[in-house]
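Listed here are the chains, written in short residue letters.
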Amino acid sequence: VFQALDEDSPRLLRVLRGARRTDRSMIAKMAAERIFEQVRLEIAPDAPSRLHSAFLFGLAGIAAIFRRDSQPDTTIYRCVCSGNWIVAEANKFTATPILTAALDETRLAGAVRRTRELAVAYWTGEFEDPTMCEVLLDGDASYVEELRDVALPPNAAPPPQFID
């Protein structure tokens, strides 16, 4: 799939068309990750790669939102970290433009461009309000303590609603 993702919409379109419907979401996420990695190499080559990093949150409340929306069976820990890290806006990473472009070449090309714009915003540190900032760590994280009963921040958006 990665060979089809080098900003070549017609090849990506062929991969998406050949995939089972249930696999398209995974392929769209792989495509978005590939685009984000290409942009990182262009504008922030010293930043940790999303493909080879630990994902952490600087605030327990943001970790609680992530747990609610994506990983409900996980535990939140306080850690001490060392190494190379950056803080980025997690809301900028999405495979939605590619996934919702349907199987149309023109719409998919626009979705690839939109994903690239989001990647530039992600790697240059543009944040939203309220933010969903994540920390990408290329280094070590040592467990300090388990955090129990972490409350959602008062401005937490409701969980997303997915339509299949």
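Let us look at the structure shown here. Owing to the predicted nature of the structure, the values given are computational and were not obtained by experimental measurement. (Residues numbered from 1 in each chain as written. Predicted model: local features only at pLDDT ≥ 70, side-chain atom pairs only at ≥ 80, totals over all residues. Heavy atoms only, no water.)

**Quick look at the pattern of salt bridges**
Thinking step 1. Evaluated as defined, the whole model comprises 11 salt bridges.
Thinking step 2. Its salt-bridge partner being lysine 92, residue glutamate 128 comes within 3.5 Å of it at the nearest N-O pair. One end of the pair, glutamate 128, is in the loop between helix H5 (105-123) and strand S3 (133-147); the other, lysine 92, is in the loop between strand S2 (76-89) and helix H4 (96-99), and 36 residues separate them in sequence.
Thinking step 3. Residue glutamate 128 is classed as partly exposed on the basis of its relative accessible area, which comes to 35%.
Thinking step 4. For lysine 92, a relative accessible area of 10% corresponds to the buried category. (Salt bridge = Lys/Arg side-chain N within 4 Å of Asp/Glu carboxyl O. Helix = DSSP H or I, 4+ residues; strand = E, 2+ residues; numbered from the N terminus. Buried < 20%, exposed > 50% of the residue type's maximum accessible area, 1.4 Å probe, protein only.)

**Let's talk about the side chain of threonine 115**
Thinking step 1. Note on placement: threonine 115 falls in helix H5.
Thinking step 2. Since its relative accessible area comes to 0%, threonine 115 is described here as buried.
Thinking step 3. Not counting residues within four places of it along the chain, the set of residues in contact with threonine 115 comprises Ala32, Ile35, Phe36, Thr94, Pro97 and Ile98. (Contact = heavy atoms within 4.5 Å.)

**Let's talk about the packing of helix H2 (residues 21-43) against H5**
Angle between the axes and distance between the axes are the two parameters that describe a pair of packed helices.
Thinking step 1. The contact between H2 and H5 brings their axes to 9 Å, and the two run at 50°. Considering their axes alone, H2 and H5 lie oblique with respect to each other. In this structure, H2 crosses over H5, and the sense of that crossing is right-handed. Note on element contacts: H5 touches H2 through Val112, Thr115, Arg116, Leu118, Ala119, Val120, Tyr122 and Trp123, opposite Ala32, Ile35, Phe36, Val39, Arg40, Glu42 and Ile43. (Axes fitted to C-alpha atoms, helices over the stretch in contact; angles between N-to-C directions. Parallel < 35°, antiparallel > 145°, perpendicular 65-115°, else oblique. Left-handed = near helix turned anticlockwise from the far one by under 90°.)

**Observations concerning the nonpolar core**
Thinking step 1. Judged by nonpolar contacts, the single largest core of 27 residues is most densely connected at Leu12, Phe36, Ile98, Leu108 and Trp123.
Thinking step 2. Listing elements by their share of this core, those giving two or more residues are helix H1 (9-18), H2, S2 and H5. (Core = buried A, V, L, I, M, F, W, Y, C linked by side-chain atoms within 4.5 Å.)

**Brief notes about the sheet that holds strand S1 (residues 54-56)**
Thinking step 1. With antiparallel pairing, three strands are arranged side by side in an open sheet as S1-S3-S2. Two strands bound the open sheet, and with one partner strand each, they are S1 and S2. Adjacent strand axes in the sheet meet at a mean angle of 40°, parallel and antiparallel pairs treated alike.
Thinking step 2. Sheet topology places S1 next to S3; three bridges connect them, and they run antiparallel. The residue of S3 that forms the bridge with alanine 54 is leucine 137.
Thinking step 3. Its contacts with the sheet put helix H3 (residues 60-69) on S2 and S3, and the angle it makes with S2 is roughly 90°. (Pairing = 2+ DSSP bridges.)

**Regarding the environment of alanine 111**
Thinking step 1. Within the secondary structure, alanine 111 sits in helix H5.
Thinking step 2. On the basis of relative accessibility, which here comes to 5%, the residue alanine 111 falls in the buried class.
Thinking step 3. For alanine 111 and arginine 50, which are 61 residues apart along the polypeptide, the C-alpha to C-alpha distance reads 20 Å.
Thinking step 4. Not counting residues within four places of it along the chain, the set of residues in contact with alanine 111 comprises Pro97, Ile98 and Ala101.

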